[in-house]
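Examination of the molecular architecture
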Amino acid sequence: MAKMEAKTSLLDNMIGVGDMVLLEPLDEDSFINNLKKRFDHNEVYTYIGSVVISINPYRSLPIYSPEKVEEYRNRNFYELSPHIFALSDEAYRSLRDQDKDQCILITGESGAGKTEASKLVMSYVAAVCGKGAEVNQVKEQLLQSNPVLEAFGNAKTVRNDNSSRFGKYMDIEFDFKGDPLGGVISNYLLEKSRVVKQPRGERNFHIFYQILSGASEDFLCELKLERDFSRYNYLGLDSAHVNGVDDAANFRTVRNAMQIVGFMDHETQSVFEVVAAVLKLGNIEFKPESRVNGLDESKIKDKNELKEICELTGIDQSVLERAFSFRTVEAKQEKVSTTLNVAQAYYARDALAKNLYSRLFSWLVTRINESIKAQTKVRKKVMGVLDIYGFEIFEDNSFEQFIINYCNEKLQQIFIELTLKEEQEEYIREGIEWTHIEYFNNAIICDLIENNQTGILAMLDEECLRPGTVTDETFLEKLNQVCATHQHFESRMSKCSRFLNDTSLPHSCFRIQHYAGKVMYQVEGFVDKNNDLLYRDLSQAMWKASHSLIKALFPEGNPAKINLKRPPTAGSQFKASVATLMKNLQTKNPNYIRCIKPNDKKAAHVFNDALVCHQIRYLGLLENVRVRRAGYAFRQAYEPCLERYKMLCRQTWPHWRGAARAGVEVLFNELEIPEEEFSFGRSKIFIRNPRTLFKLEDLRKQRLEDLATLIEKIYRGWKCRTRFLLMKKSQIVIASWYRRYAQQKKYQKTKSSAVTVQSYIRGWKARKLLRELKHQKRCNEAATIIAAYWHGTQVRREYRKFFRANAGRKIYEFTLQRIMQKYFLEMKKKMPSLSPIDKNWPARPYLFLDSTHKELKRIFHLWRCKKYRDQFTDQQKLIYEEKLEASELFKDKKALYPASVGQPFQGAYLEIGKNPKYKKLKDAVDEKIIIAEVVNKINRANGKATSRIFLLTKNNVLLADQKSGNIKSEVPLGDVAKVSMSSQNDGFFAVHLKEGSGAAGKGDFLLSSDHLIEMATKLYRTTLSQTKQKLNIEIADEFLVQFRQDKVCVKFIQGSQKNGNIPTCKRKNNRLLEVAVP
Ligand SMILES: Nc1ncnc2c1ncn2[C@@H]1O[C@H](COP(=O)(O)OP(=O)(O)OP(=O)(O)O)[C@@H](O)[C@H]1O
Ligand SMILES: [Mg+2]
């Protein structure tokens, strides 16, 4: 929608007229006024048909934004206000869509804005053509080649702060889709004289200032340069700094651009080294030195600079030094070496600097071309952009201006050829009625310069090649002879002396009346510059450099390739390259941008009428409009025209059977296009007004939309119909499937109902039958039962008498048996564990089984005890026997007993055999020792205890001293009468001896032992086994003990716990010994 509201024609909101073709009245004043009016309203672009006039605004306008690019993209040329983007878009689209190679020819004088225009065209094309990483890289490289070439090839002149000092033609190559593939740049003659000398108010090439301002201290040091401009003779000082130009920032831009374009680091380094070397060459100075032959020879004043140059470039210092002092001339086999005087040395130095720089520049172009070269071999479409130095008129015009202006003449010529002449000729060719329009054809000037026999360039070459003394003056003389009569050539010395009185024309000058004005050329330097002579010694010295770039720049220095033929002169080289360029341009569809400079002050908002008028005149713009107006804006061969518009007429659509021309006639008649708007040529139709073409285009667009609608309509109808048919077919299928399904369902339902009814009836019938049968069966059974009962009654009645007698007992026994059986089976399941100490026993189920139950428990216990015992070894058996014996003797009799149950009976508490202390004792006793233990012997006198070793052997009881092991008493077992002890919890016991026995003399022993129960038991058992008599063990709390003659009563009383658990023994009187047991 936004687009719809936007402009649809350049006529909308137009300031003045956007297209000069519409200018009324058409004369110079109205032309200039129109331009001025538009310029004042910031409209810097105006059309003459398809030619764009561009006026340099000298300030940045907001008309190049990305939004503007979008606005102009894919729009008709006349749809929007005139703009360089419209022309770029038109060119790009016809390249992409109509496969026509294009060239954009940008002309105008120096400072008119050609370079800027070329960049705008390139950036527009870059913005609208294809996208993608690879394509973007190509675009970026193409765009970034500009800053590099501008740094090395542009300089500030009095006319332009960024004047192109070389011609540039760039072919941008595209693939069939319109995506950029790469490009090729051609450069034309760099103004190299600027390297060594600049006119007042001008500068050397930008790069010198950029390096000195922008390079880091380190880098400068590396290049052996100093930041100070005034140190260098080659840098004009009066305008070293240009307003609004930041050389340092530009240097960074250039380095960055070089990197993007693809320069390797070492290449960039080499380039700057060469630039530094050129700059330093200017500082080499010479002084005369007299020689023996009276001639002066030049010598270098200060060799320091030379040394640094040689270090920088890797040239042998002596070689270079010699090359500045001598010149070797080779003629056939001879080599002659002559010395150079100071002037010649300076000449040689400057020639070297110029050559070095211009060759570096050409190398840069080649290197950039290598980077931006299209990678594929597919067919390419080409858009050429020509930005050549503009027409120049300086105070002093030299060979360079002559060449530059010649180039501009040629461009004007091609413009005339393609627009004015070609156009008019075409009308004649096509037989169109035509009134010829006068215009100035500059072919005559071109001829003056380039004619192979009489042209100025040919004269110059002839002069340069001529043997004998050749000077600029001899050249001028020659010109005077040959060109004197040419109406565009003027000189003071010309034969007819037409200009003898013209004081404005000095003697050493000639003047050419160019299409853009008269230019006076100083003849001085023409011969030299055309010769472009570099002494062979110098080129050989350069070739010997170890610096690979410099070596590559001077291939002719290679002694192996010595070529005695003169190289082509600068003029003839240039002429040849211009001719190639013209040929190239003629194969392409031209698009013109004619740049106009509004003032000489590089100022914004200033429109100098006279200056503009002058440019309009020499550019022939007015003639251009006239031709355009008199002629036809558009032409096209009949076939493509009919093909394009045939849909606008019934007769021609869709096919026209007759000749194309007749078809177009029918078409135009049908469309009622006014007759004055078109003419029929022999092979083409000519349309006078662009508006007619637009009308046709609009109609076509409308018709295409209608056709599209028709196609869409038919397609939609077809689509709907097909869809409908498909749906109908589907519907029938679905309906039939559904009906089938519904019928199936209905049938299933009826069927299942029938089955249900049927089954109910069958069920009812079956049940009825079953009932009858059951009834019948019951009747039968009843009859049987009745019969059986009856039989039973009969039998019982018969047998009653045999049954009654034993029935009760039998039933009882049977029941009992069953119960017992059940009891045992239950018991089997509930049996307790086999552990003898397990007290569990299942509960008794029946009272009458009480005794059986207990008996069973007892038997089970005995059985499991037996089982348990069966596991014992003989030794265990012995121990348990002893323990059993102890139990029988002391259980429930002596309070000490329960504590002893858990203690194992060890017998030999003292290890008599092992302890060496008891060796004597061991030796004395040769029987097996049953007990060996320390006991306390109670003193009979005071009841005090003394330790004794108590030994029990098979036959004896022994008491021995504990310390010495001496046997104190020995009692055979047969002499022991009895053993007494208390019922209490003490270890006292008395061993009573038989009266009259051998040991009885000393009396009974009253002893106390910690293992009383064990001792007594073992004593008892040993005695029994030895004497076959039971030892009497008396347990009483009072007993008598025989002490020698006396009998003393030992009485056990309940004592206090004063001394802990140890019983105390006290002699009370002669007859009583009291033992207090706690
Ligand atoms: N469209 C523009 N918008 C703003 N400024 C412009 C425009 N065109 C040109 N200029 C200004 O004019 C100056 C000169 O333009 P440019 O270098 O393009 O001239 P030229 O025709 O290439 O001159 P020469 O023949 O000397 O190379 C530019 O540096 C710029 O400042
Ligand atoms: Mg330029």
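Everything numeric in this text was worked out from a predicted model, so none of it was measured. Every residue gets a number counted from 1 within its own chain, in the order that chain's sequence is written. Chains carry letters from A onward and ligands carry numbers from 1 onward, assigned in written order. This being a predicted model, a pLDDT of at least 70 is required before a residue's local features are given, and a value of 80 or more before pairs of side-chain atoms are given or counted; all residues contribute to the totals for chains, interfaces and linings. Computation of side-chain values: all heavy atoms of the structure, hydrogens and water removed.

**A word on a negative patch on the surface**
Test applied: Each patch is built from salt-bridge-free residues with over 30% relative accessible area, joining like charges within 9 Å and nonpolar side chains (Val, Leu, Ile, Met, Phe, Trp, Tyr) within 5 Å. The protein chains shown are the only cover counted for residues, whose accessible areas, like all others here, come from Shrake-Rupley with a 1.4 Å probe. Each salt bridge in this description consists of a side-chain nitrogen of Lys or Arg and a carboxyl oxygen of Asp or Glu lying within 4 Å of one another. Here Asp and Glu are counted as negative and Lys and Arg as positive; His is not counted, and neither are the chain ends. For the purpose of locating charges, the reference atoms are NZ of Lys, CZ of Arg, CG of Asp and CD of Glu. Working definition: helices are DSSP H or I runs of at least four residues, strands are E runs of at least two. Numbering for both runs from the N terminus.
On the surface, a cluster of negative charge is made up of Glu 395, Asp 396, Glu 473, Glu 477 and Glu 524. Inspection of the secondary structure puts Asp 396 in the loop between strand S12 (381–387) and helix H15 (399–430).

**Details of the site of ligand 1**
Rules: It suffices for a single heavy atom of a residue to lie within 4 Å of a molecule or strand for the residue to be listed as near it. In protein, a polar contact requires one atom able to donate a hydrogen and another able to accept it; more generally it is a pair of N or O atoms within 3.5 Å, and residues adjacent in sequence count only if both atoms are side-chain atoms. Note on residue classes: Ala, Val, Leu, Ile, Met, Phe, Trp, Tyr, Cys and Pro are nonpolar, Asp, Glu, Lys and Arg are charged, and everything else, Gly too, is polar.
Among the 19 residues in the neighbourhood of ligand 1, the closest are listed as Asn 56, Ser 110, Lys 114, Thr 115 and Ser 163. Take Gly 111: an N or O atom from its main chain is 2.8 Å from an oxygen atom of ligand 1. Within the side chain of Thr 115, an N or O atom sits 2.7 Å from an oxygen atom of ligand 1. When ligand 1 is considered free in solution it has 630 Å² of accessible area, and contact with the protein chains removes 86% of it. Breaking the shell around ligand 1 down by element, the ones donating at least two residues are helix H5 (114–128) and strand S5 (163–164). For the shell around ligand 1, the leading source of residues is H5, giving 3 residues. Considered class by class, the residues forming the shell around ligand 1 number 5 nonpolar, 10 polar and 4 charged.

**Here we look at the environment of Tyr 868**
Rules: Note on classification: 1.4 Å probe, protein chains only; a residue is buried when its accessible area is under 20% of the maximum for its type, exposed when over 50%, partly exposed between these limits.
Inspection of the secondary structure puts Tyr 868 in helix H29 (residues 850–870). Looking at Tyr 868, the relative accessible area reads 37%, which means it is partly exposed.

**Some points on the coordination of the magnesium ion (ligand 2)**
So the rule is basically this: With water excluded from the atoms, a metal site may look incomplete; its donors are any N, O or S atoms within 2.8 Å, or within 3.2 Å for Na, K and Ca.
The protein atoms donating to the magnesium ion (ligand 2) are Thr 115 (OG1) and Ser 164 (OG), with metal-donor distances spanning 1.9 to 2.1 Å. Linking Thr 115 in helix H5 with Ser 164 in strand S5, this pair joins segments that are 49 residues apart in sequence. No difference in accessibility class separates Thr 115 from Ser 164, as the two residues are buried.

**Some details on a nonpolar patch on the surface**
On the surface, Val 757, Ile 761 and Trp 764 cluster together into a nonpolar patch covering about 300 Å² of accessible area. With respect to the element layout, Val 757 can be found in helix H27 (residues 690–803).

**Brief notes about the nonpolar core**
Formally: To form a nonpolar core, buried Ala, Val, Leu, Ile, Met, Phe, Trp, Tyr and Cys residues must be joined to one another through side-chain atoms within 4.5 Å.
Phe 31, Phe 152, Leu 320 and Phe 510 are the most contacted members of the largest nonpolar core, which has 183 residues in total. Looking at this core, the element that brings in the most residues is helix H14 (residues 342–372), giving 13 residues. With 31 residues, the next largest nonpolar core counts Leu 889, Leu 959, Leu 1012 and Tyr 1020 among its residues.

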